Structures are given as structure tokens and as C-alpha cells.
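Letter by letter, the chains look like this.
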Amino acid sequence: MKELLKLLSDKKLTISFAESMTGGALSTSLTKHNGASKAFKGAVIAYSNEVKVNVLNVLKETIINKSVVSKEVAIEMVEGLKKIINSDISLSITGNAGPTLEKNTSEFKCYISVLYQNKLYNYEEKFKTNNRNKNINNIIKNVKNIVYNLVLWYNHKGI
């Protein structure tokens, strides 16, 4: 995450997170590095559905109809985050890291939504194991790569 933090700082970009599955681990992975305040604006740890609904304005119907582990919930989370914390990059993550499955789910996976340059990017990651810590650590690495590559791609395009 240190490389991502440097890139964001160099480009004068800010980032914020709406974390469910990672429970704050994503924010911690960034803020443990010196200078994080230059890029990191903040996070909402929306571990419970109550916080997703009451803070991030995720619709109860979306959770009921699509499952809390869904692309639709990730999108509503990132849209709600953007209204609360106006950063250049807004990112949400919801999923099931294991070892047990959530209601209405049949596999261990997560969804990531990113708002950057007024565009929405969605990612689905499936886990090969039900090892909670391993899955959370792997997804933090994947998030770093997703954001890093988005920033580099936009910079390369001159946008």
C-alpha cells in the first residue's frame, strides 16, 4: 500500500473507503504508512446492514433481493460514500471472506465498486478458500492493484 499512497500523493489524489467485508483492514493498510493524511480522507466501516442502510443509504430492498454480497450493494455503498466523503477516488467492498457463508450466497466472494473520474468500475473476486484472514489480505492486495492501475491508466491517457 505504500506504493499506492505515494502514487496518490504524487498525483494529488484523495481516496475514501466504504468497507464491509474487510472491517477496516483496508483503511489500516493505508494509514499505517507515514503521510497517509495527504491522500486518505476517511472511511465508513459498514459491517452491519444497519450501517449500510442508515449511513450509506443502501436500500433494504437491495439487500433482501440481491443479497448483502452483491454488485448492487457495492454500487449503492460507493454512491452513498461519495455523498458523505467527497474524494477523488471512492471505493466500496462487500463480501464473504469465510469461514461460513452469508444468507443467499453459495460461495466465498466479494464485490468492489470504484468511482473515479465520474466513472463506475465494478469487480468481482472469488476466493478459493474459506480462510478469512488469507482472503481479506488477498483482497487488500487486489484493491491496491485495481486503484494503482486505474490511476496509471488515466494518467497515461492524459485524462
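About the criteria used
Residues numbered from 1 in each chain as written. Predicted model: local features only at pLDDT ≥ 70, side-chain atom pairs only at ≥ 80, totals over all residues. Heavy atoms only, no water. Helix = DSSP H or I, 4+ residues; strand = E, 2+ residues; numbered from the N terminus. Rg over C-alpha atoms; globule rule 2.2 N^0.38 Å. Contact = heavy atoms within 4.5 Å. Areas by Shrake-Rupley, 256 points an atom, 1.4 Å probe, with all protein chains shown as cover. Buried < 20%, exposed > 50% of the residue type's maximum accessible area, 1.4 Å probe, protein only. Pairing = 2+ DSSP bridges. Right-handed = clockwise from strand over helix to strand, strands pointing away. Salt bridge = Lys/Arg side-chain N within 4 Å of Asp/Glu carboxyl O. Core = buried A, V, L, I, M, F, W, Y, C linked by side-chain atoms within 4.5 Å. Phe/Tyr/Trp six-rings, centres within 6.5 Å; stacked < 30°, edge-to-face > 60°. Axes fitted to C-alpha atoms, helices over the stretch in contact; angles between N-to-C directions.

## Observations concerning the overall build of the protein chain
Looking only at helices and strands, one finds 6 helices and 5 strands in the protein chain. By the compact-globule yardstick of 15 Å for 159 residues, the protein chain fits well, its C-alpha radius of gyration being 15 Å. Sequence-distant contacts in the protein chain: of pairs separated by 6 or more residues, those separated by 24 or more amount to 62%. Within the structure as shown, the protein chain displays about 8400 Å² of accessible surface, and the carbon and sulfur contribution to it stands at 47%.

## As for the pairing of strand S1 (residues 15-19)
Along S1, 5 of the 5 residues are buried, which leaves the element largely enclosed by surrounding structure. Where burial is concerned, the two faces of S1 agree: the one with Ile15, Phe17 and Glu19 and the one with Ser16 and Ala18 are both buried. Two elements, S1 and strand S2 (residues 40-45), share 5 bridges in a ladder whose sense is parallel. From the neighbouring strand, Ser16 faces S2, where its bridge partner is Gly42. With helix H2 (residues 25-31) bridging S1 and its parallel neighbour S2, the resulting β-α-β unit is right-handed. Looking at chain direction, S1 and strand S3 (residues 89-95) are connected through 5 bridges and run parallel. If you follow Ala18 over to S3, its bridge partner there is Ser92.

## Points about the pattern of salt bridges
As enumerated under the stated definition, the model contains 5 salt bridges in all. Taking the shortest distance from any N to any O, the salt bridge between Lys126 and Glu107 comes out at 3.7 Å. Taken together, the positions of Lys126 in strand S5 (residues 119-126) and Glu107 in the loop between S3 and strand S4 (109-116) put the pair 19 residues apart, joining distant regions of the chain. What makes Glu107 partly exposed here is its relative accessible area of 28%. Each member of the salt-bridge network shares a partner with another, and the members are Glu107, Lys109, Glu124 and Lys126.

## Side note on the nonpolar core
Counting 34 residues, the largest nonpolar core has Leu8, Ile89, Ile112, Val114, Tyr116 and Val147 as the members making the most contacts within it. Sorting the residues of this core by element identifies helix H1 (2-10), S1, H2, S3, S4 and helix H6 (132-157) as the ones contributing at least two each. When residues in this core are grouped by element, the largest group, 9 residues, is from H6. For Ile89, the contacting residues outside a window of four places in its chain are Leu8, Leu13, Thr14, Ile15, Ser16, Val114, Leu115, Tyr116, Val147 and Val151. In this structure, Val44, Val53, Ala74 and Ile85 belong to the second largest nonpolar core, which totals 15 residues.

## Some words on the packing of aromatic side chains
Any aromatic ring pair is given by two values, namely how distant the centres are and how the planes are angled relative to each other. A full pass over the atoms with the stated rule returns 1 aromatic pair. Both rings, one in Phe17 and one in Phe40, keep their centres 5.5 Å apart while their planes meet at 40°; by these two values the pair is tilted. Of this pair, Phe17 sits in strand S1 while Phe40 sits in strand S2; the two residues are 23 residues apart in sequence, bridging distant segments of the chain. With respect to class, Phe17 is no different from Phe40; both count as buried.

## Quick word on the sheet that holds S3
Reading across from one edge, S2-S1-S3-S4-S5 is the order of the 5 strands in this open sheet, with mixed pairing throughout. Two strands lie at the open edges of the sheet, namely S2 and S5, each paired on one side alone. Put simply, the sheet's adjacent strands are angled 15° from each other on average, direction ignored.

## A look at the side chain of Asn135
By the secondary structure assignment, Asn135 is in helix H6. With near-sequence residues (within four places) excluded, Asn135 lies in contact with Ala97, Phe127, Thr129 and Asn130.

Just geometry here; none of it tells us what the structure is for.
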